[in-house]
Amino acid sequence: MLPPQRHGPAQPAQGPAVPDCAEQPLFEAVPERSRWRYKPRRVAKLWQSKAIRAGILITVLALCALVILALVREQTGTEGFLVGLGLATLPVPLLVAAFRWLDRVEPGPWRNQIFAFAWGAFAAALVAILANSFAVRWIATATADPSSADSLGATVIAPVVEESAKAVAIMLIFIFRRRDLTGIVDGVVVACFTATGFAFTENILYLGNAFGEDQQLGYSGLASVTAATFFVRIVMSPFAHPLFTVLTGIGFGIAALAPSRKRIRRIALPALGLVLSMGMHALWNGSASYFGPLGFYAVYAMIMVPVFGLLTWLTIWTRQRELHTIAAELPAYAAAGWLAPAEPQALSSMKARTMARDTARRTHGPAAAHTVSEYQRFATSLAFLRHRADRGAADPDFVAREQELLHHMWQRKAVAAPALTYAARATGRVRVPPPYRDYEGYNPYRD
């Protein structure tokens, strides 16, 4: 005989229970930040203060920026610096847009991405210039062979120094902003921003020096060194540095998913990613230094392009997995009364999420679209928070964070829930017989 069926809110197989909406007090208004239900723990030491850490970090980056500006300008000259700066800026908006597109499910905070870019452009670039120059001079003195010192420095020293310097930015976010680094996609995006910043400064140096060489030799046009450098670094390989550093980002992203008790895994995976980044970087530099132009293009076509395609596929696949996580975790909150039944289906579809925002904007204006966007971000964070708890990697303040997210979702529910329900039906995520276009005032086709 089968046991009797229990009726009630569905709960995940593991992890803390989902709070029942009917048992929670109704939230009347969004409180001031000082009155939020979830408040971060008080700091006991001065160095633990976020304001102090931010001030120190900004000061360090500003000093690095001033020093790197002076060094690059000294090597390229003022005119070369300005030419290099203008040409190096061209790919940056396209790269930033591409990385933000990858991070559409749960967009990371701009402050983290700005920090990552600034660290790569200023701190990592400064460390690389100083360390690489010192290493090459030391090797040239020790071997009395300056030409081999340049090749050895580019193939062995530069990958170790540069990838280590870039990895520091990801590590700092992993340590101090763990809440914002929730998986592979977050690690990939932070790594790409760091590497883009580093490549930006490096391109200024290379293009500025190329322009100075053209000025001395009288070259111009497509036959100039500047044009050749621009083609190789900006046209052919704008993703080169992101391709190297993304392996470190994947290591940190996987480590962020590991339970806190798996300390060896949380250390070994980022270290493995860093070693792979160094190896990929060394292969790229070595192909140009030792194999000549034909070897460089062979490595580019046979190794770099396939690896780039594989990593792109992995990132997009991981993003789809994140949408599946939303679809798997949020129904428990819908069963408990926090979400409308169709909302998990809409929130797990990029098409439905976009339609919900667009519909809210056309029906009720930009403020409603912004409200829906905020609601989507809070719901996504809630799903990932629950997913980590189900995997045994719950944060110490899980209950307080869950209440905070539910609080903010509740304040936006009246605007967001109808838009998401309409989007779920209009995109076929929820199968209902027509007509279904008009749902609580959301009808973009209505006059």
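Described in the following lines is the structure provided in the data block. Computed from a predicted structure; not experimentally measured.

Moving on to the overall build of the protein. If you tally the helices and strands in the protein, you get 14 helices and zero strands. Moving toward the C terminus, one meets the helices and strands of the protein in the order α-α-α-α-α-α-α-α-α-α-α-α-α-α. For the protein, buried positions account for 47% of its 447 residues. At a minimum sequence separation of 6, the contacts of the protein that also span at least 24 residues come to 76%.

Moving on, we come to the side chain of T325. In this fold, T325 is placed in helix 9 (residues 292-329). For T325, a relative accessible area of 13% corresponds to the buried category. In contact with T325, other than residues within four places in its own chain, are A383, F384 and H387.

Now for the nonpolar core. For soluble globular proteins, nonpolar side chains are generally found buried alongside one another. Counting 57 residues, the largest nonpolar core has V72, W119, M304 and L311 as the members making the most contacts within it. Leave out the neighbours within four places in its chain, and W119 touches L57, L61, A124, A125, A165, V168, A169, L172 and T194.

The next subject is the packing of helix 4 (residues 146-176) against helix 8 (residues 263-290). With their axes 8 Å apart at the nearest point, helix 4 and helix 8 run at an angle of 145° to one another. Regarding helix 4 and helix 8, the two cross each other, and that crossing is right-handed. Across from S151, L152, A154, T155, A158, P159, V160, E162, E163, S164, A167 and F174 in helix 4, the residues of helix 8 making contact are R266, L274, S277, M278, H281, A282, N285, G286, S289 and Y290. Of the residues contributing to the contact of helix 4 with helix 8, the split by class is eleven nonpolar, eight polar and three charged.

Attention now moves to the environment of L330. Structurally, L330 can be placed in the loop between helix 9 and helix 10 (331-335). Sequence separation of L330 and L347 is 17 residues, and the distance between their C-alpha atoms is 8.9 Å. Beyond its immediate stretch of four places on either side in the chain, L330 contacts L339, P344, L347, A379, L382 and A383.

For the rest of this paragraph, the subject is helix 3 (residues 110-143). Between its first and last C-alpha, helix 3 extends 47 Å over 34 residues, near the 50 Å set by a 1.5 Å rise per residue. The principal kink in helix 3, of about 40°, is found at W119. A positive backbone phi angle near 55° is found at A144, which sits one or two residues after helix 3.

A separate point is a nonpolar patch on the surface. Together, L152, V156, Y290 and F291 make up a nonpolar patch on the protein surface, roughly 390 Å² of accessible area in all. Here F291 lies in the loop between helix 8 and helix 9.

The next thing to look at is the packing of helix 3 against helix 4. Closest axis-to-axis distance for the helix 3/helix 4 pair is 8 Å, and the angle between their directions is 150°. In this view, helix 3 runs roughly antiparallel relative to helix 4, as classed from their interaxial angle. The hand of the helix 3/helix 4 crossing is right-handed. Of the residues that constitute the contact of helix 3 with helix 4, the class distribution is 21 nonpolar, five polar and three charged.

As a further point, take the environment of N285. Secondary-structure assignment places N285 in helix 8. Considered as a pair, N285 and V156 are 129 residues apart in the sequence and their alpha carbons are 8.8 Å apart. A distance of 2.8 Å separates a polar atom in the side chain of N285 from the backbone oxygen of A154.

Turning our attention to the packing of aromatic side chains. Scanning the entire structure with this criterion turns up twelve aromatic pairs. Ring centres 5.4 Å apart and planes at 70° place the aromatic pair F296 and Y297 in the edge-to-face group. Of the residues examined, F296 reaches a relative accessible area of 9% and is grouped as buried. Since its relative accessible area comes to 40%, Y297 is described here as partly exposed. By way of ring pairs, the aromatic residues F244, W284, F296, Y297 and Y300 are connected into one cluster. Directly above the aromatic system of F174 lies the positively charged group of R178, at a separation of 3.9 Å from the ring centroid. Lying across the ring of Y206, R233 places its NZ or CZ 4.2 Å from the centre.

How each quantity is defined
- Residues numbered from 1 in each chain as written.
- Predicted model: local features only at pLDDT ≥ 70, side-chain atom pairs only at ≥ 80, totals over all residues.
- Heavy atoms only, no water.
- Helix = DSSP H or I, 4+ residues; strand = E, 2+ residues; numbered from the N terminus.
- Buried < 20%, exposed > 50% of the residue type's maximum accessible area, 1.4 Å probe, protein only.
- Contact = heavy atoms within 4.5 Å.
- Core = buried A, V, L, I, M, F, W, Y, C linked by side-chain atoms within 4.5 Å.
- Axes fitted to C-alpha atoms, helices over the stretch in contact; angles between N-to-C directions.
- Left-handed = near helix turned anticlockwise from the far one by under 90°.
- Nonpolar A, V, L, I, M, F, W, Y, C, P; charged D, E, K, R; others polar.
- Expected span 1.5 Å × (residues − 1).
- Bend = angle between axes of the 7 residues up to and from the residue.
- Patch = residues over 30% accessible without salt bridge, like charges linked within 9 Å, V, L, I, M, F, W, Y side chains within 5 Å.
- Areas by Shrake-Rupley, 256 points an atom, 1.4 Å probe, with all protein chains shown as cover.
- Salt bridge = Lys/Arg side-chain N within 4 Å of Asp/Glu carboxyl O.
- Parallel < 35°, antiparallel > 145°, perpendicular 65-115°, else oblique.
- Polar contact = N/O pair within 3.5 Å; in protein donor to acceptor, adjacent residues only side chain to side chain.
- Phe/Tyr/Trp six-rings, centres within 6.5 Å; stacked < 30°, edge-to-face > 60°.
- Lys NZ or Arg CZ within 6 Å of the ring centre and 35° of its normal.

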